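# Examination of the molecular architecture
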Amino acid sequence: ALDLRLDWPRARVEGTATITFTPLRPTRVVTLDAAHLDISRITLGNDVALDFTNGGSAADDALRITLDRSYAPGEVVALRIAYRSTWVNHSDPNALGGSTGSGIRFFRPSTTEPRKRRQAWSIGEPTGNRYWFPGYDAPDDLRTTDLRFTVDTPLTVVSNGTLQGTQPNADGTRTFHWRLDVPHANHLTAFAAGEWVDQPQTVGNVTLHNFGYPDEAAAVRASVERLPEMWRWFEQVTGRPSPHGSYSQVFVQDAPWGVGAASFATLTENMIDDERTHAEYRWLWDGLEAEGAATQWFGGVVVPHDWRDAWLARAFAHYFDGLFNEHRNGREELLLWHLGGDRATYLADWAGGVRQPIVPLTRAEGESAAPGNTPLSRGALVLHMLRQQLGDSAWWKGVRHYLDRHAGQPVRTADFQRAMEAANSIDLSWFFRQWVFGIGHPVFDVTSRYDTSARAVEVVVRQVQQRDSTVSHPMVAYFEGPMVLGIGDRSETVWISDVAENVFRFPMSAAPPFVSFDRGNTWIKEVRFPRLVPELVAQLDADPDPTGKAWAITELGKRLRDTTATADERALVLSALRRFSAGPAYWRLRYTALIQLNAWVTAGDTAEQARRLDPETRTVLRGIIVRDSSWVRAQAIMTLGHARDRRDVPTFTTLLRDRFHTVNYNAAIALGQGRAPRARETLARLMREPSWKGENILAGLAGLRALGDPDAAPLALEVLRDTTATRWYLAVSRWDYRIAAAELLAALGRAELAWPTVAHRFEGAMREGDVNDIFSNVLLMATLGDARAPALFARVRERFAGNATALGALQGFEEQWKAQSAARPHP
């Protein structure tokens, strides 16, 4: 039980924590986690003072309490701890678009960001809660919570469970009382304080609360409309009712994504869009919302025993958000978006030297790895692989058995393995050994040929991966398991044995038009499979598997840009990509084909780009722009814009008023590229039209940068100076119009115009101590490349001396400044 007052000027909480427990063995000494907590008094109940020592560090068991006597199992002990927090949870300067840190993140308006909300929130996973209350900060001991938060009126506090009441106080504050009687792990305690308005929904007897900003109420309703559908679907597929009678999700600033807690989720405010904008990004934000909801079952109903088993919460919640998307939008979306992103993330980490098993060997490794990509992305890929190898019926049978068997308990990976095995009477030890407890993945060299004499297709599969001798984690020499090969329109399931080379032969009366490897792209792997252009075109046209088509598109794009390709090969590829882009395939596939066309066009200089956009290609692109979905249209606009054809100016001008931001953003760039008469005036008008969070400003700035008109500098400066317009805070120019304005000024050789504004904000940020504000201005200085920046960089270095994280971020910005300064044009 916590009874706390939030103090914004000091960025801390102060009050009491009461921990009531019964020991499991005779106990005289109790140790708790209490990172940097200033503890003034500990009593037994409310009267007997107890001796304690407090190391004050973030280490486990830093607080050691000596009881008045030894207590036996079954006796009830209540410790009342009076304390205040001292740790300040600063933003990560390497992640200016959002970070979580440890403890409570406090916000208030500042010189740099006067629109910043007065707000505070906490995210406990994995061990952040010890920075704001003492407790047992590990997931294997479940407890209930009774939480009271006192804040200034008109702030509201949202936390775990249900609101028991709100008490007005004589000093102008209010106390919010939240209670959750369902036992849950320590890291699943969370709260958010701010000015919120609830947009409630109901599913059966469950109330779903959606807390957003008062000025965004309509947008909150538009953005959360699918939450009840998600909730019903999770209940249906797990076979278990809602774990809680109510669920609250709160949309906060500076959170990079979202984290689920017990009956609660903290989600980024960037999810909240008006109906027009949100409709364009459902594929992204549905995943965020569904992942927080799925955590109520995976991480709530079953809880990882320790952080080595973090994937049992993180991977499941993440994969189940993908499964909901599959249910809602089709299998292509799961395969191409969710799993495609996870596969790219995992392989990038592997190439970058991040080489961990899903379940590390030690607790310390588990705690370090828990927030990372391995238990999330690789974990989700492994769950999908298991589902594919078992089949849907066996998969769901095993998942439900696992939940039923272990509900309300801490679980280990072995519990999940045994549940899947018992439900389906199979042995999965080989699967878990290589994919869950081991590191790495196979690297396949694949060849195929048609043997005319034997009238058979032969596929040779070699595993050529090398063991990483620098890591101590187990890795099998060769991977094994079932795989589906595509022989034209036939699907053949084979067993890849754990040997260096597997050879498969399939009787065929004639050579198939193509052979595809791992139909469905189920395995975690790298593949080298040399193919002729006609085979790739045949696969693009006829493969029933969307991942096979996606692979063929990428390979065709490589051939298009290959300087050794013949003119006939390039013509065949162009024809195939044009035809496919305008065809009936799933939109992500056509979007990918257009990306490959765009990469081909932009590989040359301006004149070459226009030449490569031959009349037939232009006709196809114009047709797509007229009739297709927003993302495909936007990509077609981007490619067509490189033609710089004045005949397209009326079309691009009309598209500036399109319903979809992706369309008018790329239309603005195309208009600028074409150097159309009065383009600057047209783009300036676009920037002044209202939009949700400056989409029209972003589009106009992008178009002006493509235009390169020096007279656009005042427009960019006006945007940079603005402190009142609504905006995203994502620290990238595509979504942050201050950065886009700085880039435009730098490109026009007028960076010095921005210096007084940026320098003023920097001075304010240094006085106020907001790390995000300080480094946001450092980012703008690096973007501008102004010669006065190094003197201010030196002050930042002095201020953060000894802070390796901040100094590392500063070094990166200094390198960016050097590059920008060297390339800086002059008016």
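This text goes with the structure placed above it.
In this report, the structure presented in the accompanying data block is examined. (Residues numbered from 1 in each chain as written. Predicted model: local features only at pLDDT ≥ 70, side-chain atom pairs only at ≥ 80, totals over all residues. Heavy atoms only, no water.)

## Overview of the overall build of the protein
A count of helical and extended segments in the protein gives 28 helices and 30 strands. Relative to the 2.2 N^0.38 estimate, which gives 28 Å for 827 residues, the radius of gyration of the protein is 29 Å and therefore close to what a compact globule would have. Taking the principal axes of its C-alpha atoms as reference, the protein extends roughly 90 × 70 × 50 Å. Sequence separation of 24 or more characterises 68% of the internal contacts of the protein that already satisfy a separation of 6 or more. When the accessible area of the protein is evaluated, it comes to approximately 32100 Å², of which 52% is carbon and sulfur surface. Of the side chains in the protein, 92 bear a positive and 97 a negative charge, and the two mean positions are spaced by 3 Å. (Helix = DSSP H or I, 4+ residues; strand = E, 2+ residues; numbered from the N terminus. Rg over C-alpha atoms; globule rule 2.2 N^0.38 Å. Contact = heavy atoms within 4.5 Å. Areas by Shrake-Rupley, 256 points an atom, 1.4 Å probe, with all protein chains shown as cover. Lys, Arg positive; Asp, Glu negative; His and termini not counted. Charge placed at Lys NZ, Arg CZ, Asp CG, Glu CD.)

## Description of the sheet that holds strand E4 (residues 37–44)
One open sheet accounts for eight strands, arranged E5-E4-E8-E2-E1-E11-E14-E13; its pairing is mixed. Strand pairing shows two members of the sheet lacking a second neighbour, strand E5 (48–49) and strand E13 (162–168), which therefore form its edges. The pairing of E4 with strand E8 (residues 77–85) spans seven bridges and is classified as antiparallel. Within the sheet, the bridge partner assigned to aspartate 38 lies in E8 and is arginine 84. (Pairing = 2+ DSSP bridges.)

## Section: the pairing of strand E14 (residues 173–184)
Sheet faces and side chains relate simply in a regular strand, where the side chains alternate between the two faces. Taken together, the nine bridges between strand E11 (residues 143–152) and E14 define a ladder with antiparallel strand orientation. Across the sheet, the residue bridging to threonine 145 is leucine 180, located in E14. Bridge count between E13 and E14: six bridges; the pairing is antiparallel. Directly across from threonine 162, in E14, lies its bridge partner arginine 179. Counted between consecutive antiparallel strands, the loop separating E13 from E14 contains four residues, among which glycine 172 sits at a positive phi close to 90°.

## What to know about the sheet that holds strand E27 (residues 490–496)
Ordered in space as E27-E26-E29, the three strands form an open sheet in which the pairing is antiparallel. Here the strands that pair on one side only, and so sit at the sheet edges, are E27 and strand E29 (515–516). Here strand E26 (residues 481–487) runs beside E29; their pairing, made up of two bridges, is antiparallel. Within the sheet, the bridge partner assigned to glycine 486 lies in E29 and is serine 516.

## Quick word on helix H28 (residues 804–823)
For H28, spanning 20 residues, the distance from its first C-alpha to its last is 29 Å, which sits close to the expected 28 Å at 1.5 Å a residue. Turning to H28, its buried residues are Ala806, Ala809, Leu810, Phe813, Glu814 and Trp817. Down the axis of H28, the buried side of the element spans an arc of 145°, and every buried residue falls inside it. Away from its buried face, by an angle of more than 90 degrees, H28 presents the exposed residues Ala804, Ala822 and Ala823. (Expected span 1.5 Å × (residues − 1). Buried < 20%, exposed > 50% of the residue type's maximum accessible area, 1.4 Å probe, protein only. Arc of directions from axis to C-beta.)

## Looking at the environment of valine 203
Position of valine 203 among the secondary structure elements: in strand E17 (residues 201–203). A C-alpha to C-alpha distance of 59 Å links valine 203 and alanine 822, two positions 619 residues apart in sequence. Every residue in contact with valine 203, bar those within four places of it in the chain, is listed here: Leu208, Pro228, Trp231, Arg232 and Glu235.

## Re the nonpolar core
Residues Phe234, Trp311, Phe320, Phe416, Leu701 and Phe775 are the most contacted members of the largest nonpolar core, which totals 194 residues. In this structure, leucine 701 is in contact with Met687, Ala716, Val719, Tyr737, Ala740, Ala741 and Leu744, ignoring residues within four places of it in sequence. Membership of the second largest hydrophobic core comes to 51 residues, among which are Trp8, Val30, Trp178 and Phe264. (Core = buried A, V, L, I, M, F, W, Y, C linked by side-chain atoms within 4.5 Å.)

## Here's the deal with empty space enclosed by the protein
For the structure shown, the criterion picks out six cavities of 30 Å³ or more. Lining the largest cavity, in full, are Leu640, Gly641, Ala643, Arg644, Asp645, Asp648, Val649, Phe652, Ala670 and Gly674. Put simply, the parts of the chain that give the lining of the largest cavity at least two residues each are helix H18 (630–641) and helix H19 (649–655). Looking at the lining of the largest cavity residue by residue, the classes come out as five nonpolar, two polar and three charged. (1 Å grid on protein atoms, 1.4 Å probe; cavity = no way out; pocket = protein on both sides within 12 Å on 5 of 7 lines; lining within 4 Å. Points joined across faces, edges and corners; volume = space filled by probe spheres on them. Nonpolar A, V, L, I, M, F, W, Y, C, P; charged D, E, K, R; others polar.)

## What to know about the side chain of threonine 127
Tracing the sequence through the fold places threonine 127 in the loop between strand E10 (119–122) and E11. Residues contacting threonine 127, with those up to four places away along its chain left out, are Asp137, Trp307 and Glu367.

## Details of the packing of aromatic side chains
Applying the stated criterion across every chain, the model contains 48 aromatic pairs. Ring centres of tyrosine 319 and tryptophan 395 lie 6.0 Å apart, and the angle between their planes is 85°; this geometry places the pair in the edge-to-face category. A residue pair is termed long-range when its members are at least 10 positions apart, and tyrosine 319 in helix H5 (residues 311–329) and tryptophan 395 in helix H9 (residues 392–406) qualify at 76 residues. (Phe/Tyr/Trp six-rings, centres within 6.5 Å; stacked < 30°, edge-to-face > 60°.)

## Some words on the environment of valine 354
Tracing the backbone through its elements, the reader meets valine 354 in the loop between helix H6 (331–351) and helix H7 (363–369). Spatially, the C-alpha atoms of valine 354 and glycine 372 are 9.9 Å apart, while their sequence positions differ by 18 residues. Once residues within four sequence positions are removed from consideration, valine 354 is found in contact with Asp349 and Thr374.

## Examining the pattern of salt bridges
Under the defined criterion, the tally for this structure stands at 70 salt bridges. Between aspartate 38 and arginine 84 there is a salt bridge, and its shortest N-O distance comes to 3.0 Å. Residue aspartate 38 is located in strand E4, and its partner arginine 84 is located in strand E8; the two are separated by 46 residues in the primary sequence. Judged by its relative accessible area of 33%, aspartate 38 falls in the partly exposed class. Among the charged side chains, a network of salt bridges with common partners joins Arg618, Arg622, Asp645, Arg647 and Asp648. (Salt bridge = Lys/Arg side-chain N within 4 Å of Asp/Glu carboxyl O.)

## Focus: the packing of helix H14 (residues 567–581) against helix H15 (residues 587–601)
Any two packed helices are characterised by the angle at which their axes cross and by the distance between the axes. Where H14 contacts H15, the axes come no closer than 9 Å and their chain directions differ by 140°. It follows from the interaxial angle that H14 and H15 lie oblique. As for how H14 packs across H15, the hand of that crossing is left-handed. Between H14 and H15, the contacting residues are Arg570, Leu574, Leu577, Arg578, Phe580 and Ser581 on the first element and Leu589, Arg590, Ala593, Leu594, Gln596, Leu597 and Trp600 on the second. Across the contact of H14 with H15, the residue classes break down as eight nonpolar, two polar and three charged. (Axes fitted to C-alpha atoms, helices over the stretch in contact; angles between N-to-C directions. Parallel < 35°, antiparallel > 145°, perpendicular 65-115°, else oblique. Left-handed = near helix turned anticlockwise from the far one by under 90°.)

## Structural notes on helix H13 (residues 546–561)
Over its 16 residues, H13 runs 23 Å from end to end, which matches the ideal 22 Å to within 8%, given 1.5 Å per residue. Residues of H13 that are buried: Pro546, Thr547, Gly548, Lys549, Ala550, Ala552, Ile553, Glu555, Leu556, Gly557 and Leu560. On its buried face, H13 is in contact with H6, helix H12 (533–542), H14 and H15.

## Brief notes about unusual backbone geometry
Of note, the bond from glutamate 125 into proline 126 is cis; its omega dihedral lies within 30 degrees of zero at -5°. In the segment running from threonine 153 into proline 154, the intervening peptide bond is cis, with an omega of 20°. A positive phi angle, close to 60°, is found at histidine 36, a residue other than glycine. Tracing the backbone shows histidine 36 in the loop between strand E3 (27–32) and E4. Backbone geometry at aspartate 61 places phi at a positive 60°, although glycine is not the residue there. Examined against the element boundaries, aspartate 61 turns out to sit in the loop between strand E6 (51–54) and strand E7 (63–71).

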